[in-house]
Every structure is written in structure tokens, then in C-alpha cells.
Amino acid sequence: MKEWVLSEVYSDRIFAAIKRISKDNAKSWNIEAIEYMNERGWLTEWEYGFCINTMKKRVLSERQLKSRVDINQKLLRKPKNQLSHRGTSD
């Protein structure tokens with residue numbers, strides 16, 4: 001039963017990130033969402049590193065901001081069923 005609860009907490013954090021990015025695609029993903037998307041092969045190695053390195057930064061250069069928005073738009077184009085599947089244990 002504890003495994004299920006942990007999965008739900010993890011999923012809730014991912015859903016919160018999706019909702020936040022959907023409203024403002026200049027925002028950063030949280031670590032749970034970055035890891036989730038990376039594990040599924042949705043991020044290149046460079047994109048993964050960029051997301052991790054700029055995750056807590058609030059002020060980005062113009063180039064960094066463009067990269068963040070581009071990555072966010074790419075990830076938000078994933079079919080809704082891929083982004084919102086609860087309780088996966090791939």
C-alpha cells in the first residue's frame with residue numbers, strides 16, 4: 001500500500017508541473033517531472049542537463065529563456081494520455 005501512496009505523491013507533483021507550465025511556458029519543471037520525462041526518452045541528453053541546471057533559476061538569459069520555452073512547448077505537445085497517466089511503474 002505504501003508504494004501506491006508514493007506513486008500518487010510523485011504523480012501529483014508531475015501534474016502540478018504540467019498545470020504550471022501550461023499556464024506559463026517560461027516556468028521550469030520540477031525534478032519529478034524532469035526525471036519522468038527523461039526516463040521515457042522525451043528529452044535529449046542536452047535538454048535533460050539544461051532542465052536540471054536551470055530548474056531553480058528565476059532569471060534566465062534571453063537564449064536560456066528561448067531554450068526553456070522551446071523544450072516546454074515540445075513536452076506539452078505530448079498526447080494528453082502520455083502526460084497524465086497516473087500510477088505508472090514502468
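The structure contained in this document is the topic of the report that follows. These numbers were taken from a predicted model, which means no experiment stands behind them.

## A look at the nonpolar core
- In terms of nonpolar packing, the biggest core is built from 17 residues, with Trp-29, Ala-33, Ile-34, Met-37, Leu-43, Ile-71 and Leu-75 touching the most fellow members.
- If you list the elements that add at least two residues to this core, you get helix H1 (2-23), helix H2 (31-39), helix H3 (45-54) and helix H4 (62-76).
- Per-element accounting of this core gives the leading share, five residues, to H1.
- When residues no more than four places from it in sequence are discounted, the contact partners of Leu-43 are Ile-34, Met-37, Asn-38, Tyr-48, Ile-71, Lys-74 and Leu-75.

## Remarks on H3
- Of the residues making up H3, those classed as buried are Glu-47, Phe-50, Cys-51 and Thr-54. Viewed end-on, H3 has its buried residues packed into an arc of 95°, placing them on one side of the element. Exposed side chains of H3 directed beyond 90 degrees from the buried face belong to Glu-45 and Asn-53.

## Observations regarding H4
- For H4, with 15 residues, the first-to-last C-alpha span of 21 Å sits near the 21 Å given by 1.5 Å per residue.
- Among the residues making up H4, those that are buried are Ser-67, Arg-68, Val-69, Ile-71, Asn-72 and Leu-75.

## Observations regarding the packing of H3 against H4
- Close contact between H3 and H4 brings their axes to 11 Å; oriented N to C, the two are set at 120°. For the pair H3 and H4, the sense of crossing is left-handed. Mapping the contact onto sequence places Trp-46, Glu-47, Phe-50, Cys-51 and Thr-54 in H3 and Gln-64, Ser-67, Arg-68, Ile-71 and Lys-74 in H4.
- Looking at the contact of H3 with H4, its residues break down into four nonpolar, three polar and three charged.

## A few points about the environment of Ala-17
- Summarising the element assignment, Ala-17 is placed in helix H1.
- You can call Ala-17 buried: its relative accessible area is 0%.
- For Ala-17 and Ile-34, which are 17 residues apart along the polypeptide, the C-alpha to C-alpha distance reads 9.5 Å.
- Residues in contact with Ala-17, not counting those within four places in the same chain, are Trp-29, Asn-30 and Ala-33.

## Re the packing of H2 against H3
- At a minimum axis distance of 10 Å, the contact between H2 and H3 shows a crossing angle of 175°. In terms of orientation, H2 lies roughly antiparallel with respect to H3. On the side of H2, the interface is formed by Ile-31, Ile-34, Glu-35 and Asn-38, while H3 contributes Tyr-48, Cys-51 and Ile-52.
- Of the residues assigned to the contact of H2 with H3, the class counts are five nonpolar, one polar and one charged.

Conventions and cut-offs
- Residues numbered from 1 in each chain as written.
- Predicted model: local features only at pLDDT ≥ 70, side-chain atom pairs only at ≥ 80, totals over all residues.
- Heavy atoms only, no water.
- Core = buried A, V, L, I, M, F, W, Y, C linked by side-chain atoms within 4.5 Å.
- Buried < 20%, exposed > 50% of the residue type's maximum accessible area, 1.4 Å probe, protein only.
- Helix = DSSP H or I, 4+ residues; strand = E, 2+ residues; numbered from the N terminus.
- Contact = heavy atoms within 4.5 Å.
- Arc of directions from axis to C-beta.
- Expected span 1.5 Å × (residues − 1).
- Axes fitted to C-alpha atoms, helices over the stretch in contact; angles between N-to-C directions.
- Left-handed = near helix turned anticlockwise from the far one by under 90°.
- Nonpolar A, V, L, I, M, F, W, Y, C, P; charged D, E, K, R; others polar.
- Parallel < 35°, antiparallel > 145°, perpendicular 65-115°, else oblique.

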